[in-house]
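Each chain, written out:
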Amino acid sequence: MPVRDSRRTEPQQAGGSEGRVLNVFSHGVLVLWGLMVTLPLLWAVMSAFKTDNEIFTSPWALPGRLHFDAWGRAWSQAHMNQYFLNSLIVVAGSLFGTMLLGAMAAYVLARFEFPGNRLIYFLFVGGMSFPVILALVPLFFVMKNMQLLNTYPGLILVYIAYSLPFTIFFLSGFFRTLPTSVAEAAMIDGASHTRTFFQVMLPMARPGLISVGIFNFLGQWNQYLLPTVLNVGDENRKLLPQGLVALAVNQGYRGDWSGLFAGLVMAMLPVLAAYIVFQRQVQAGLTAGALK
């Protein structure tokens, strides 16, 4: 009978045990991180359906019954409906402009060689490292001179400029991974550069567009500093983050904590819905593009 060499099995067993330990440790860290993120969200949602008395007397218990009064107070009396509409208008316009301009600029920088290509690209990349707080004072006076303070177009233009560097940086790398054969075939068939971009390359870049669109949506929806500076003194033009701060101050003094939690959940719902609907596309967009 052949004699089994024990020297070959010992390293394999040691490597397998180390892999299992590492696997258990990594999964444990992920579970802990998931609990740290999920539990506060669930607690906020649960508190939105409680009364103020239940929030203080039994903060960790489930509500005895679902109370929807706080949602009505936050929606109408705290003007969350107006703030929500303002955020939808601004974010929809800025997201469309950011994705359109960013995709076109990224495609040109990624697929065409011309003098100054790398310089323009690195200028956009450098814009990602520029703190927006340094531009607030000159930005305020520029918007004031252009009569764009307290206006939807003013905020939309600022949001687009604020989001373009990351969008171009993300999509440039994605467009470089797409195959050139399809674009060349479209050009041979007589398609113009514009038609090739919109009808051929843009659909192929859909995973990357959805991923960077989600990131831009989160950043623009939760933006607080820019609208606070550029929406001065006009209550009807406030966005949702500004409205939440005002609600926290006003409701805090009045002790309407359930209304505050209801307003907080209203602000979280679009973000959670976007993640739930597009989670697969976001994961696919973080990898290289593929030819279908």
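From a predicted model like this one, the values you see are computed outputs, not experimental measurements.

### Let's talk about the side chain of S163
Topologically, S163 is positioned in helix α7 (residues 152-177). Of the polar contacts made by the side chain of S163, one reaches the backbone oxygen of Y159; its length is 3.0 Å. Ignoring sequence-local partners within four residues, the contact set of S163 consists of T98, N216 and Q220.

### Comments concerning the confidence of the model for the protein
Put simply, the protein has an average pLDDT of 84, and 89% of its residues get 70 or more. For residues 288-292, every residue scores under 50 in pLDDT, and the model assigns this stretch 8 contacts once sequence neighbours within four places are set aside.

### Observations concerning the nonpolar core
One finds V90, L171, F175, L178 and M201 to be the most contacted residues of the largest nonpolar core, which totals 38 residues. For this core, the elements supplying multiple residues, two or more each, are α4 (80-111), α6 (136-145), α7, α8 (180-188), α9 (193-204), α10 (206-221) and α11 (225-230).

### Quick notes on a nonpolar patch on the surface
On the surface, L269, L272, I276, V277 and F278 cluster together to form a nonpolar patch covering roughly 450 Å² of accessible area. Among the structural elements, L272 can be located in helix α13 (residues 257-285).

### Observations regarding the packing of aromatic side chains
On inspection of all chains with the given rule, the structure shows 18 aromatic pairs. An angle of 40° between the planes, with centres 5.7 Å apart, marks the rings of W43 and W60 as tilted. Of this pair, W43 sits in helix α1 (residues 6-48) while W60 sits in the loop between α2 (52-57) and α3 (69-77), and the two are 17 residues apart along the sequence. On the accessibility criterion, W60 (70% relative accessible area) is exposed. Taken together, a centroid distance of 6.3 Å and an interplanar angle of 75° make the contact between F56 and W257 edge-to-face. Pair noted here: F56 is in helix α2 and W257 is in helix α13, with a separation of 201 residues, a long-range link. These aromatic residues form a ring-pair network of at least three members: Y107, F112, F175, F197 and F198. In this structure, R176 is placed above the aromatic ring of Y121, and the distance from its NZ or CZ to the ring centre is 5.2 Å. Above the face of the Y152 ring, R237 is positioned so that its terminal group lies 4.3 Å from the ring centre.

### Quick word on unusual backbone geometry
Backbone geometry places Q147, a non-glycine residue, at a positive phi of 60°. Along the polypeptide, Q147 turns up in the loop between α6 and α7.

### Some details on the environment of E184
Relative to the elements of secondary structure, E184 occurs in helix α8. With a relative accessible area of 48%, E184 lands in the partly exposed category. The spatial distance from the C-alpha of E184 to the C-alpha of T196 is 9.0 Å, given a sequence separation of 12 residues.

### Concerning the packing of α4 against α10
Put simply, α4 and α10 touch, their axes get as near as 10 Å, and they point 140° apart. Taken together, the axes of α4 and α10 are oblique relative to one another. You can see that α4 and α10 cross each other, and the crossing is right-handed. Of α10, the residues touching α4 (which contributes F84, S87, L88, V91, S94, L95, T98, M99 and A103) are L209, V212, G213, N216, F217, Q220 and W221. Its residues assigned to classes, the contact of α4 with α10 comprises 10 nonpolar, 6 polar and no charged.

### Thoughts on the environment of F278
Within the element layout of this structure, F278 appears in helix α13. Taking C-alpha positions, F278 is 8.2 Å from S211, a pair spaced 67 residues apart along the chain. Once you skip the residues sitting within four places of it in the chain, F278 turns out to touch I210 and I214.

### Details of the packing of α7 against α10
The geometry of α7 relative to α10 is characterised by a closest axis approach of 10 Å and an angle of 155° between their N-to-C directions. Relative to α10, the element α7 lies roughly antiparallel. Crossing of α7 against α10: the hand is right-handed. Taking contact as the criterion, the partners of Y159, S163, F166, T167, F170, L171 and F174 in α7 are, on α10, P207, G208, L209, S211, V212, F215, N216 and Q220.

What counts and how
- Residues numbered from 1 in each chain as written.
- Predicted model: local features only at pLDDT ≥ 70, side-chain atom pairs only at ≥ 80, totals over all residues.
- Heavy atoms only, no water.
- Helix = DSSP H or I, 4+ residues; strand = E, 2+ residues; numbered from the N terminus.
- Polar contact = N/O pair within 3.5 Å; in protein donor to acceptor, adjacent residues only side chain to side chain.
- Contact = heavy atoms within 4.5 Å.
- pLDDT = per-residue confidence, 0-100.
- Core = buried A, V, L, I, M, F, W, Y, C linked by side-chain atoms within 4.5 Å.
- Buried < 20%, exposed > 50% of the residue type's maximum accessible area, 1.4 Å probe, protein only.
- Patch = residues over 30% accessible without salt bridge, like charges linked within 9 Å, V, L, I, M, F, W, Y side chains within 5 Å.
- Areas by Shrake-Rupley, 256 points an atom, 1.4 Å probe, with all protein chains shown as cover.
- Salt bridge = Lys/Arg side-chain N within 4 Å of Asp/Glu carboxyl O.
- Phe/Tyr/Trp six-rings, centres within 6.5 Å; stacked < 30°, edge-to-face > 60°.
- Lys NZ or Arg CZ within 6 Å of the ring centre and 35° of its normal.
- Axes fitted to C-alpha atoms, helices over the stretch in contact; angles between N-to-C directions.
- Parallel < 35°, antiparallel > 145°, perpendicular 65-115°, else oblique.
- Left-handed = near helix turned anticlockwise from the far one by under 90°.
- Nonpolar A, V, L, I, M, F, W, Y, C, P; charged D, E, K, R; others polar.

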